[in-house]
Amino acid sequence: MSQKKIGRPVSLNLKDTMFRVRLDGAYVAKLDECAEELKTTRSDIVRKGIDKIHGSLKKK
């Protein structure tokens, strides 16, 4: 009998790097407002922000 693994399936795009940042209350409120409005997570908002800035750098 084979053992079936329990847990989440392995992702093709592993997010294994932890990044911490210090924010004041105003930035946390903005981040939460964006996440709530877009129905996503704080992490996803940060990733989208990085993509947006990176894309604008490529246009120069």
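Residues numbered from 1 in each chain as written. Predicted model: local features only at pLDDT ≥ 70, side-chain atom pairs only at ≥ 80, totals over all residues. Heavy atoms only, no water.

1. Examining the pattern of salt bridges
Pairing between side chains becomes possible if they bear opposite charge and their charged atoms approach one another.
Alright, step 1. One pass over the structure, following the stated rule, counts two salt bridges.
Alright, step 2. Note that aspartate 32 is salt-bridged to arginine 42, the shortest N-O span being 2.6 Å. With aspartate 32 in helix α1 (residues 25–38) and arginine 42 in helix α2 (residues 42–59), this residue pair connects regions lying ten residues apart in the sequence.
Alright, step 3. Judged by relative accessible area, arginine 42 falls into the partly exposed class, the value being 43%.
Alright, step 4. A salt bridge links aspartate 44 to lysine 48, with the nearest nitrogen and oxygen atoms 3.6 Å apart. One end of the pair is aspartate 44 and the other is lysine 48, both in helix α2 and four residues apart, which spans about a single turn.
Alright, step 5. Here aspartate 44 falls in the partly exposed class, since its relative accessible area comes to 23%.
Alright, step 6. Classification of lysine 48 by relative accessible area gives partly exposed; the value is 43%. (Salt bridge = Lys/Arg side-chain N within 4 Å of Asp/Glu carboxyl O. Helix = DSSP H or I, 4+ residues; strand = E, 2+ residues; numbered from the N terminus. Buried < 20%, exposed > 50% of the residue type's maximum accessible area, 1.4 Å probe, protein only.)

2. Here we look at α1
Alright, step 1. For α1, built from 14 residues, the straight-helix expectation of 20 Å at 1.5 Å per residue is met to within 8% by its first-to-last C-alpha distance of 20 Å.
Alright, step 2. Positioned one or two residues after α1, lysine 39 has a phi angle of 55°, which is positive. (Expected span 1.5 Å × (residues − 1).)

3. Focus on a nonpolar patch on the surface
Alright, step 1. A contiguous nonpolar surface patch, about 480 Å² in accessible area, is contributed by Phe19, Val21, Leu23 and Tyr27.
Alright, step 2. Relative to the assigned elements, tyrosine 27 resides in helix α1. (Patch = residues over 30% accessible without salt bridge, like charges linked within 9 Å, V, L, I, M, F, W, Y side chains within 5 Å. Areas by Shrake-Rupley, 256 points an atom, 1.4 Å probe, with all protein chains shown as cover.)

4. Remarks on unusual backbone geometry
Alright, step 1. The backbone of lysine 39 shows a phi angle near 55°, a positive value even though the residue is not glycine.
Alright, step 2. On the secondary structure map, lysine 39 appears in the loop between α1 and α2.

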